[in-house]
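# Structure assessment
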Amino acid sequence: MSSMNRHRMRYSYGIVSGARVADDFARGVRDLTDLIRPVYGASGRFVASAGPLGASAPELLHDGAVIARRLTELDDRLENAGAMFLRSLLQQIDGLAGDGVATGALIFETIYTRGRSAIAAGHDPVRLRNALLRELEVVFAELRRQRRLPMSRQDLRLLAQSVGKDNRLAAEIATIVDVVGPLGMIEVRPGSAGQIGHDYIDESYWPTRPLERSHLDATWGMRSDISLCAVFVSDLNLETRDEALALLKAARHQEASSLLIFARSCGPQCRSVLLANASPAFRVLIIATPGNSDPERWESMEDIAMMTGAHVYHAAAGSSSSEVTSGDLGYCRRAWATRTHVGFVGGHGDGRALRHRVAALTMQFQTSIDPPSRERTRRRLSRLTGRGAILWVDGLTDREIAFQRSRAERTARVVQRALTCGYVPGGGVALLVCANRLVEESNGTFDTAEDRVAIEALRNGLLTPVATLAKHANLNPAVTIAQLESQMERGMDSSVYRLVSRDDAPLLDAFETIETAVRIAVSGAAQALTIETVVLGRNPAKVTA
Amino acid sequence: MSTPVLAAIAFEQMGKGVVGVVTARESGIYASVDAGQSWQPLWEDGLAAAVVRLEWMNQPVCLVGLSGAILRSETDGVTWDLCPLVQPAPLVLAFAVCSGSEPVVLAGTHEDGVFRSTDGGRRWESANVGLYLRRITALKAVDSEQVVVAAEFGVFRTQNGGESWTEVTWIVSEGTISAVAAGETLLVVGTTAGRVIAYDLDVRAMMVQVNLPDQGELLDLEILESDSEYEILAITENAIYHVGWSLGEDVELRCLRVFPIQATCGGFQRLGGCLYAVAGHDDGSASVTSDLN
């Protein structure tokens, strides 16, 4: 008995094949694309999303990725399968490029719809898929030809404007990215209303909490600053008086003016001894080891130890702080703690070892293709190298601040990636050039009928973004495309929807965004075209209804 | 002036004369405004290792780096203001001026990296974005925007007047770097073990490596302008050397001067189009060469 049959018996799967797959699956794809379509372009509109219970006010969405995330289910199961197929591709685009979701949706929907029509007319889906994937290489070659590097601060501003659709934010992000580079960490925080600005961070700091809050000085906004600090790095649960005394003795032996302790927890006995020995002349800060999981804690301990020259006391290794000596403590010139962060500067770690660690992590960052892993490595590098910035965003309401924050984070991510990957001018126009290159390359001759269909579908898919921009501007898409094609040196300023010189193009797109959106959308559509049968989960009654 | 051990020495052109600053290990800082003929106490304790002159708002300004602060004079060294840095006090070792339309001054410190002033040296802010090795050993301006800094085990460059730093990742991490110099295409580092290594900035590769015979710590390096070949001057605690080479030919090493008494501090100074080497010695004496150009 096949595994499918076994499952059918246990879970009552529903199986749908044939024309219905084409129609309903495509309808789901179209529904999701139509939902995202309005936000495409620099002057794209908002989409309001009501909560599942309808009790709260609708959420205003301006980001294709968030819109796709909010759509969790369509009523019709087969349509839902189509929508969810596209949704998973869009999430992939968002994860890899941080933008380009709307572009991907538009391209996918056009290619899929045209491809389905061709298959309904008798073309072979597998040959069509292969032809699409083959022609994709022509598109990539043309995109790479259009790519430009390096990026000036003005280029960064134009790109940030294209992604974030906000002038002030674009100027701030361009300035920050130009300074911190592709490896710097940009943290977005809410500032005061009407204020947008940035501060550079050349210290190493971690989000964590003090284990003893009485250290924090209320007159300085619940902050404590110490200098010439001995540093104890551990994930121990400090409990006894002996442990506290050993730490104090080691710090005194090091002739430090203060003691910075990282620990998992600090019990009352240990804490009381530490506090009793603290004074304005010898201050003690007890901080929770940064990290939300053991691997994160180990990473932060390693990095702090590397920078300060401390020996790490691992709880898992059975270490106890009662054995600590002055040689086990690290040292830094200044440290600070607030209710939410701890930071230090001027660690006395081994500079040569630090340099090797930075080189290894940089290599890891450059070769990693997993976005969360890249982000984690970037955070570590930023802390090790003191290369970061805080971007303060404004807003009159919590909702607006949250929106600004997410927009700023997304924009900063895309612009930072573009520093190494480059940009293509003109956005939709770059794809238009690719579409024309396809036609030129084919030279009007096709080996098979599927080759012709693939080129036509791909060309139409690549033209959809420009056509959508034209529609948003109440222009005739066909006329606009014809105008652009006849004046290929001109591009479209989609913020005001008028034709402008390519050299003055006020909007840019990140190469990586466009390349990722096209790759995933086209390969996803090619794959979707070969779907003959859909197996639906439980509740088949609804399918057959 | 008594004969203490000199810790730092520097001269700068000011007005019609030359301001010299020397630091003695035990008896403080002295300044001379008559080209070293006479010396007046400038600061009673602490160390100074750097002096620089710049034009700010069409007015000459002289800065002297101390421990935790910078002395600033707009009166040709007659009166001085104290401009604090941070606590705990870092020792200012070197200055570099990015001479754009509004000069930016960078001060390299032994413990806290680089500080930056955009108002002619009145206020100083930490400028270490990307500069993760903070024990600065040398700081040199390349042109109006570029500065190169040596930080014990690494070399960093800024191309935006100190706003951010990028590590020169491809240099060989061998020995402690104590001196650095850079030109358009050449980067030269010197180590505490008396080794001079020159790199080609375009190719990102080492060009030559020279072990100086005295193996003394490199105090300073200077690249000489030359059309046909590469020429470097190196000052160690024992001698001054000329290193020259052309592409495809052997390196030529010449000793220009041997110090009779070991130098405790020293460097190359450009004054009025001339290039001098100055050194302070163990016995409190100072020596200055003739023009090395």
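Quick summary incoming for the structure in this document.

Calculation notes
Residues numbered from 1 in each chain as written. Chains lettered and ligands numbered in written order. Predicted model: local features only at pLDDT ≥ 70, side-chain atom pairs only at ≥ 80, totals over all residues. Heavy atoms only, no water. Helix = DSSP H or I, 4+ residues; strand = E, 2+ residues; numbered from the N terminus. Contact = heavy atoms within 4.5 Å. Areas by Shrake-Rupley, 256 points an atom, 1.4 Å probe, with all protein chains shown as cover. Phe/Tyr/Trp six-rings, centres within 6.5 Å; stacked < 30°, edge-to-face > 60°. Buried < 20%, exposed > 50% of the residue type's maximum accessible area, 1.4 Å probe, protein only. Lys NZ or Arg CZ within 6 Å of the ring centre and 35° of its normal. Pairing = 2+ DSSP bridges. Axes fitted to C-alpha atoms, helices over the stretch in contact; angles between N-to-C directions. Expected span 1.5 Å × (residues − 1). Polar contact = N/O pair within 3.5 Å; in protein donor to acceptor, adjacent residues only side chain to side chain. Buried area = accessible area lost by both parts, 1.4 Å probe. Salt bridge = Lys/Arg side-chain N within 4 Å of Asp/Glu carboxyl O. Nonpolar A, V, L, I, M, F, W, Y, C, P; charged D, E, K, R; others polar. Core = buried A, V, L, I, M, F, W, Y, C linked by side-chain atoms within 4.5 Å. Left-handed = near helix turned anticlockwise from the far one by under 90°. Patch = residues over 30% accessible without salt bridge, like charges linked within 9 Å, V, L, I, M, F, W, Y side chains within 5 Å. Lys, Arg positive; Asp, Glu negative; His and termini not counted. Charge placed at Lys NZ, Arg CZ, Asp CG, Glu CD. Parallel < 35°, antiparallel > 145°, perpendicular 65-115°, else oblique.

What follows concerns the overall build of chain B. Within chain B, the regular secondary structure consists of zero helices and 27 strands. Here the contacts in chain B between residues at least 6 apart in sequence split such that 38% fall between residues at least 24 apart. Split by element, the accessible area of chain B, about 12300 Å² in all, is 45% carbon and sulfur.

Attention now goes to the packing of aromatic side chains. Residues and elements named next belong to chain A. Under the defined criterion, the tally for this structure stands at eleven aromatic pairs over all chains. For the pair Y205 and W336, a centre-to-centre distance of 6.3 Å together with 35 degrees between the ring planes defines the contact as tilted. Here Y205 is found in strand β6 (residues 204–207), whereas its partner W336 is found in strand β13 (residues 330–337), with 131 residues between them in sequence. No difference in accessibility class separates Y205 from W336, as the two residues are buried. An aromatic cluster is built from F25, F85, F108 and Y112, whose rings are joined through pairwise contacts. Over the face of the ring belonging to F282 we find R252, whose NZ or CZ atom lies 4.0 Å from the ring centre. In this structure, R374 is placed above the aromatic ring of F365, and the distance from its NZ or CZ to the ring centre is 4.3 Å.

Residue and element names in this part refer to chain B. Of all six residues making up strand β17 (residues 177–182), six are buried, and the element is well covered by its neighbours. In this structure, β17 lies alongside strand β18 (residues 186–191), joined through five bridges in antiparallel fashion. Paired with A182 across the strands is L187, a residue of β18. As consecutive antiparallel partners, β17 and β18 are separated by three residues.

Residues and elements named next belong to chain B. Taken in spatial order, the four strands make up an open sheet running β21-β22-β23-β24, and their pairing is antiparallel. Taken across any chain shown, the strands that pair with only one partner, and hence form the sheet edges, are β21 (218–224) and β24 (252–258). Averaged over all pairs of adjacent strands, the angle between their axes in this sheet comes to 20 degrees, without regard to strand direction. Across six bridges, the pairing between strand β22 (residues 230–236) and strand β23 (residues 239–245) is antiparallel. Bridge assignment links E231 to a residue of β23, and that residue is G244.

This part takes up the sheet that holds strand β10 (residues 104–109) of chain B. All names here are of chain B. Ordered by their spatial adjacency, four strands build an open sheet running β9-β10-β11-β12, and the pairing between neighbours is antiparallel. Unpaired on one side and paired on the other, β9 (92–98) and β12 (125–126) mark the two borders of the sheet. Here strand β11 (residues 114–117) pairs with β12 via two bridges, running antiparallel. For F115, the partnering residue across the bridge sits in β12 and is S126.

This part is about the environment of F259 of chain B. Residues and elements named next belong to chain B. Relative to the elements of secondary structure, F259 occurs in the loop between β24 and β25 (263–271). For F259, a relative accessible area of 7% gives the class buried. Each C-alpha atom, one on F259 and one on M206, is 30 Å from the other, the two residues being 53 residues apart in sequence. In this view, F259 contacts I235, T236, E237, N238, A239, I240, A279, H281 and S287; residues no more than four positions away in its chain are not counted.

We now examine the environment of D31 of chain A. Residues and elements named next belong to chain A. Following the sequence through the fold, D31 ends up in helix α2 (residues 19–36). Taking the relative accessible area as the measure of exposure, D31 reaches 31% and is therefore partly exposed. As a C-alpha pair, D31 and A120 span 89 residues in sequence and 21 Å in three-dimensional space. Once residues lying within four places of it in the same chain are set aside, the contact partners of D31 are L74 and E79.

Counted at 1.5 Å a residue, the expected span for helix α14 (residues 398–421) of chain A with its 24 residues is 34 Å, and the 34 Å between its end C-alpha atoms agrees. By the N-cap criterion, in which a side-chain oxygen at the helix start approaches the backbone nitrogen of a residue two or three places on, α14 of chain A is capped by T397 of chain A, the distance to E400 of chain A being 3.1 Å.

In this complex, chain A contributes 21 residues to the contact, which on the side of chain B involves 30 residues. Taken over both partners, the interface formed by chain A and chain B buries close to 2000 Å², and the fraction arising from carbon and sulfur atoms is 47%. At the boundary of chain A with chain B, the tally comes to four salt bridges. Inspection of the region where chain A meets chain B yields 13 residue pairs in polar contact (both at pLDDT 80 or more). Secondary structure elements with two or more residues in the side of chain A that touches chain B: α8 (167–180), β7 (224–234), β13, α12 (351–367) and α13 (371–385) of chain A. Per element, the largest residue contribution to the side of chain A that touches chain B is five residues, and it comes from α12 of chain A. Across the side of chain A that touches chain B, the residue classes break down as eight nonpolar, five polar and eight charged.

Let us now look at the pairing of strand β14 (residues 341–347) of chain A. Residue and element names in this part refer to chain A. With respect to burial, β14 is a largely interior element, six of its seven residues being buried. In this structure, β6 lies alongside β14, joined through four bridges in antiparallel fashion. In the strand pairing of β14, P207 is matched with H341. Looking at chain direction, β13 and β14 are connected through five bridges and run antiparallel. Paired with A337 across the two strands is V342, which belongs to β14. Between β13 and β14, which pair antiparallel in sequence order, lie three residues.

Moving on, we come to the nonpolar core. Looking at soluble globular proteins, one finds that nonpolar side chains tend to be buried together. Residues I36, L90, F108, L462 and V518 of chain A are the most contacted members of the largest nonpolar core, which totals 77 residues. In this structure L90 of chain A touches L32, I36, A68, V101, G104 and A105 of chain A, once residues within four positions along its chain are discounted.

Our focus in this paragraph is the packing of helix α4 (residues 77–97) of chain A against helix α5 (residues 101–120) of chain A. All names here are of chain A. Two elements in contact, α4 and α5, have axes whose closest approach is 9 Å; the angle formed by their N-to-C orientations is 145 degrees. The two elements α4 and α5 meet at a crossing, and its hand is right-handed. Contact residues: F85, L86, L89, L90, I93 and D94 in α4; V101, G104, A105 and F108 in α5. Partitioned by chemical class, the residues of the contact of α4 with α5 number eight nonpolar, one polar and one charged.

Looking now at a negative patch on the surface. Residue and element names in this part refer to chain B. On the surface, D143, E145, E184, E225 and D227 cluster together to form a negatively charged patch. Assignment of secondary structure puts E225 in the loop between β21 and β22. Residue E225 is classed as exposed on the basis of its relative accessible area, which comes to 82%.

Residues and elements named next belong to chain A. Axis separation between helix α11 (residues 294–308) and α13 bottoms out at 10 Å; the angle between their running directions is 20 degrees. Classified by the angle between their axes, α11 and α13 sit roughly parallel to one another. α13 is crossed by α11, and the crossing has right-handed handedness. Contact with α11, carried on its side by E299, E302, D303 and M307, involves R376, R380, R383 and L384 of α13 and no other residues of that element.

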